[in-house]
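One letter stands for each residue in the lines below.
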Amino acid sequence: MKKVIAAVAVAAALVLAAVAFADTYTINTKLTPGADVPKPKGAPNARGTFTGRYVEHQDKATLTWKLTYSGLTGAALQAHIHSGKPGVAGNVIVPLCGPCHSGMTGHARIGEAVIKALESGGAYVNVHTKKNPAGEIRGQIRVAG
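To start, this report covers the structure provided alongside it. (Residues numbered from 1 in each chain as written. Predicted model: local features only at pLDDT ≥ 70, side-chain atom pairs only at ≥ 80, totals over all residues. Heavy atoms only, no water.)

1. Concerning the side chain of His-128
Along the chain, His-128 falls in strand E7 (residues 123-129). Judged by relative accessible area, His-128 falls into the buried class, the value being 6%. Looking at His-128, its side chain comes within polar contact range of the side chain of His-82, at 3.4 Å. Residues in contact with His-128, not counting those within four places in the same chain, are Ala-75, Ala-76, Leu-77, Gln-78, Ala-79, His-80, His-82, Pro-133, Ala-134, Gly-135 and Glu-136. (Helix = DSSP H or I, 4+ residues; strand = E, 2+ residues; numbered from the N terminus. Buried < 20%, exposed > 50% of the residue type's maximum accessible area, 1.4 Å probe, protein only. Polar contact = N/O pair within 3.5 Å; in protein donor to acceptor, adjacent residues only side chain to side chain. Contact = heavy atoms within 4.5 Å.)

Below, the structure written as structure tokens:
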């Protein structure tokens, strides 16, 4: 019985050590119509924020996020994280929601390629509406360790 208890204690210590050594990063951006490519139509008061964090476990991570916005030209049909530098439209790399509502939260598993895009400044959040299907508000994601 003592050996079982000792084995459980060692296993618990290893799990706690693994959690303690996991790297955690915060992410955020302000979403504006002026950052979108192509420029959106009729959205002068649209704005938003995207915040979150991800915890790395080797070459994968768990991303948790929150999306808030106001002043859109209509309902938010979808929101994504895209690859791309500022001013460049890119492919979807993480679907966030669809349809979306302000204050929405979620989580996703992300891999090494997405982590590299985030950490290199090569990823942005985009919220899409019917009037602006290519995107109405956008913001380049910033990462802090």
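Moving on from the coordinates now.
2. Things to note about the sheet that holds E7
Strand order in the open sheet made by the four strands is E5-E4-E7-E8, with antiparallel pairing throughout. Single-partner strands in this sheet number two, and they are strand E5 (92-97) and strand E8 (137-140). Between one strand axis and the next, the sheet turns by 20° as a mean value, whatever way the strands run. Across four bridges, E7 lies against E8 in antiparallel orientation. Across the sheet, the residue bridging to Val-127 is Ile-137, located in E8. (Pairing = 2+ DSSP bridges. Axes fitted to C-alpha atoms, helices over the stretch in contact; angles between N-to-C directions.)

3. A short note on the nonpolar core
Counting 32 residues, the largest nonpolar core has Phe-50, Tyr-54, Leu-67, Ile-81, Leu-96 and Ile-110 as the members making the most contacts within it. The leading source of residues in this core is strand E3 (residues 60-70), at five residues. Contacts of Phe-50, omitting those with residues within four sequence positions, involve Ile-27, Asn-28, Thr-29, Trp-65, Lys-66, Leu-67, Ile-81, Leu-96, Val-125 and Ile-141. (Core = buried A, V, L, I, M, F, W, Y, C linked by side-chain atoms within 4.5 Å.)

4. Here's the deal with the sheet that holds strand E2 (residues 47-57)
Hydrogen bonds between backbone atoms are what pair the strands of a sheet, whose relative direction is either parallel or antiparallel. Ordered in space as E6-E3-E2-E1-E9, the five strands form an open sheet in which the pairing is antiparallel. Edge strands, defined here as strands with exactly one partner in the open sheet, are strand E6 (104-111) and strand E9 (142-144). This sheet shows a mean twist of 20° between the axes of neighbouring strands, independent of strand direction. For strand E1 (residues 23-31) and E9, the ladder comprises three bridges, and the chain directions are antiparallel.

5. Description of the environment of Gly-42
For Gly-42, the location among the structural elements is in the loop between E1 and E2. The sequence separation of Gly-42 and Asn-132 amounts to 90 residues, and the corresponding C-alpha distance is 8.9 Å. Contact partners of Gly-42, with chain neighbours within four places excluded, come to Thr-73 and Lys-131.

6. Points about helix H2 (residues 112-119)
For H2, every residue scored as buried is listed here: Val-114, Ile-115, Ala-117 and Leu-118. Down the axis of H2, the sector holding all buried residues measures 160°, keeping them to one side. In this structure, H2 carries Ala-113 and Lys-116 as exposed residues pointing more than 90 degrees from its buried face. Packing partners of the buried residues in H2 comprise E2, E3, E5, E6, E7 and E9. Gly-121 sits one or two positions beyond H2 and adopts a positive phi of about 80°. (Arc of directions from axis to C-beta.)

7. Let's talk about unusual backbone geometry
Here the amide bond leading from Val-37 into Pro-38 is cis, since omega sits at -5°, within 30 degrees of zero. Within the secondary structure, Pro-38 is located in the loop between E1 and E2. Pro-99 follows Gly-98 through a cis peptide bond whose omega is -5°. Inspection of the secondary structure assignment puts Pro-99 in the loop between E5 and E6.

So far we have only geometry, and geometry alone does not tell us how the molecule works.
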